[in-house]
Amino acid sequence: MIPKNHPRYKSLLLREKIRNAYESGFLADTGMIAHGRGEAFDYLIGEKTTKYSKIAIDASAISLILAKNPVLSVNGNTIALVPNEIVELSKLLDAKIEINLFYRTEKRVDLIEEILKKSGANEVYGTNSDKLEYIDNIESPRATASLNATYSSDLILVPLEDGDRAEILKESGKKIITIDLNPLSRTAKKADITIVDNIVRVIPLLIERVKFYKSKDKEDMIKELERFNNKENLKKSLSCIKLS
Ligand code: PTJ
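In this text the structure is predicted, and so the values were computed from the model without any measurement. (Residues numbered from 1 in each chain as written. Predicted model: local features only at pLDDT ≥ 70, side-chain atom pairs only at ≥ 80, totals over all residues. Heavy atoms only, no water.)

Peer 1: How would you summarise the sheet that holds strand E1 (residues 70-74) if you had to cite specific residues and measurements?
Peer 2: Taken together, the 5 strands give an open sheet; going across it, the order is E2-E1-E5-E6-E7, and neighbouring strands pair in parallel fashion. The strands lining the two open edges of the sheet, one partner per strand, are strand E2 (96-99) and strand E7 (193-195). Across the sheet, the axes of successive neighbouring strands diverge by a mean angle of 20°, strand direction being ignored. Note: strand E6 (residues 175-179) against E7, 3 bridges, orientation parallel. (Pairing = 2+ DSSP bridges. Helix = DSSP H or I, 4+ residues; strand = E, 2+ residues; numbered from the N terminus. Axes fitted to C-alpha atoms, helices over the stretch in contact; angles between N-to-C directions.)

What follows is the structure, encoded as structure tokens:
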């Protein structure tokens, strides 16, 4: 039991979620290490949503609304932290949810599918019963792509993933949005839109901004998106890291 007045209360609650997810069997053991890396970067940006994160979240909301077949790719860490919010976002956008795991096992996939269904998801892709393709040039089990989701999508939200998948998906013509507290990760550098922020703050805000933009004029949204420059925004996000 963590006392509410503990100065690190919020952060300790997240650790608790991560530990429980590991004990339940759906979080990879190294998912705990990945969380720790994220925590360190979060500390350095002041554990708050920066101005540049907000700019990237707006660009993401618009892109997701304008996409023809958007997919929300989820792994163990994402489901440990924001399962209900992912389902809410998918419903709002009519986006598909696909399970994609680096340390893929049938058991973990089943457990994650069960959590998503309990959170209200009608359909989940990338499951053990789904029709899966394997993306060329990716050696890990992360190569899986559901024929009816990632494989045929035009835009994929790829959170908490530092690797080569984003780059390869991009080469095949897909647009990539990532959420990563580490602005120097491979995926952060390769994505079309990089949100340098904690996923627990991002998804609720993204839901809010999708609701806001949904009623807006399409041409105005396109113009706003054209003004977004990921390289510039990522550079500014990096400058938010305080070392003293
Ligand atoms: O569930 P699996 O099998 O797919 O495995 C998932 C992990 C996360 C273990 C796997 O994808 C992995 O090893 O990831 P990496 O390479 O450690 O990358 C995870 C990235 O997410 C790192 O750059 C972290 O800084 C970042 N990160 C961790 N927690 C958060 C985060 N970014 C945003 N919000 C967080 N809460």
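Peer 1: Describe in detail the site of the ligand, supporting the description with residues and values.
Peer 2: Neighbouring residues of the ligand: 23 residues in total, closest Gly 76, Phe 102, Tyr 103, Arg 108 and Asp 180. A distance of 2.8 Å separates an oxygen atom of the ligand from a polar backbone atom of Phe 102. Here Tyr 103 contributes a backbone N or O atom positioned 2.8 Å from an oxygen atom of the ligand. For the ligand, the accessible surface in isolation is 740 Å², of which the surrounding protein chains cover 95%. Given that more than half its atoms are within 2 Å of the pocket grid, the ligand belongs to the largest pocket. Elements supplying a minimum of two residues to the shell around the ligand: helix H2 (29-44) and helix H4 (76-81). Looking at the shell around the ligand residue by residue, the classes come out as 8 nonpolar, 9 polar and 6 charged. (Near = heavy atom within 4 Å. Polar contact = N/O pair within 3.5 Å; in protein donor to acceptor, adjacent residues only side chain to side chain. Areas by Shrake-Rupley, 256 points an atom, 1.4 Å probe, with all protein chains shown as cover. 1 Å grid on protein atoms, 1.4 Å probe; cavity = no way out; pocket = protein on both sides within 12 Å on 5 of 7 lines; lining within 4 Å. Sits in = over half its atoms within 2 Å of the grid points. Nonpolar A, V, L, I, M, F, W, Y, C, P; charged D, E, K, R; others polar.)

Peer 1: Outline the side chain of Glu 39, supporting the account with residue identities and numerical values.
Peer 2: If you trace the backbone, Glu 39 turns up in helix H2. For Glu 39, a relative accessible area of 18% translates into the label buried. In contact with Glu 39, not counting residues within four places along its chain, are Ser 11 and Arg 15. (Buried < 20%, exposed > 50% of the residue type's maximum accessible area, 1.4 Å probe, protein only. Contact = heavy atoms within 4.5 Å.)

Peer 1: Which residues make up helix H6 (residues 106-118), and what values go with them?
Peer 2: Taking 1.5 Å of rise per residue, 13 residues should cover 18 Å, and H6 covers 18 Å from first to last C-alpha, within 8% of that figure. Residues Arg 108, Val 109, Ile 112, Glu 113 and Leu 116 constitute the buried set of H6. Taken down its axis, H6 places every buried residue within 135° of arc, on the same side. Of the residues in H6, the exposed ones pointing more than 90 degrees away from the buried face are Glu 106, Lys 107 and Lys 118. Packing partners of the buried residues in H6 comprise E1, H4, helix H5 (83-93) and E2. With its phi angle positive at about 110°, Gly 120 sits one or two positions after the end of H6. (Expected span 1.5 Å × (residues − 1). Arc of directions from axis to C-beta.)

Peer 1: Lay out the nonpolar core with the relevant residues and their values.
Peer 2: Ranked by size, the top nonpolar core spans 48 residues in total, and within it Leu 89, Ile 99, Leu 116 and Ile 203 carry the most contacts. Among the nonpolar cores identified, the runner-up in size contains 14 residues, and Ala 149, Ala 166, Ile 168 and Ile 176 belong to it. (Core = buried A, V, L, I, M, F, W, Y, C linked by side-chain atoms within 4.5 Å.)

Peer 1: Tell me about the layout of surface pockets, and name the residues and values.
Peer 2: What the largest pocket holds in volume is close to 980 Å³. Lining the largest pocket are 41 residues; nearest its centre among them are Ala 34, His 35, Gly 38, Asn 77 and Leu 160. For the lining of the largest pocket, the secondary-structure elements that each account for two or more residues are helix H1 (9-24), H2, H4 and helix H9 (199-213). In terms of residues, the lining of the largest pocket owes the most to one element, H2, which gives 9 residues. Taken as a whole, the second largest pocket holds about 190 Å³ of empty space. For the second largest pocket, the full set of lining residues is Ser 90, Lys 91, Asp 94, Ala 95, Lys 96, Ile 97, Gly 120, Ala 121, Asn 122, Glu 123 and Tyr 125. At the level of secondary structure, the elements contributing two or more residues to the lining of the second largest pocket comprise H5 and E2. Tallied by class, the residues present in the lining of the second largest pocket amount to 4 nonpolar, 3 polar and 4 charged. (Points joined across faces, edges and corners; volume = space filled by probe spheres on them.)

Peer 1: Before we move on, can you summarise the packing of helix H3 (residues 51-66) against helix H10 (residues 218-226) with the specific residues and values?
Peer 2: The N-to-C vectors of H3 and H10 enclose an angle of 135°; their axes lie 10 Å apart at closest approach. With respect to H10, the axis of H3 lies oblique. Judged by the twist between their axes, the crossing of H3 over H10 is left-handed. In contact with Asp 58, Ala 59, Ile 62, Ser 63, Ile 65 and Leu 66 of H3, H10 contributes Lys 218, Met 221, Ile 222, Glu 224 and Leu 225. Looking at the contact of H3 with H10 residue by residue, the classes come out as 7 nonpolar, 1 polar and 3 charged. (Parallel < 35°, antiparallel > 145°, perpendicular 65-115°, else oblique. Left-handed = near helix turned anticlockwise from the far one by under 90°.)

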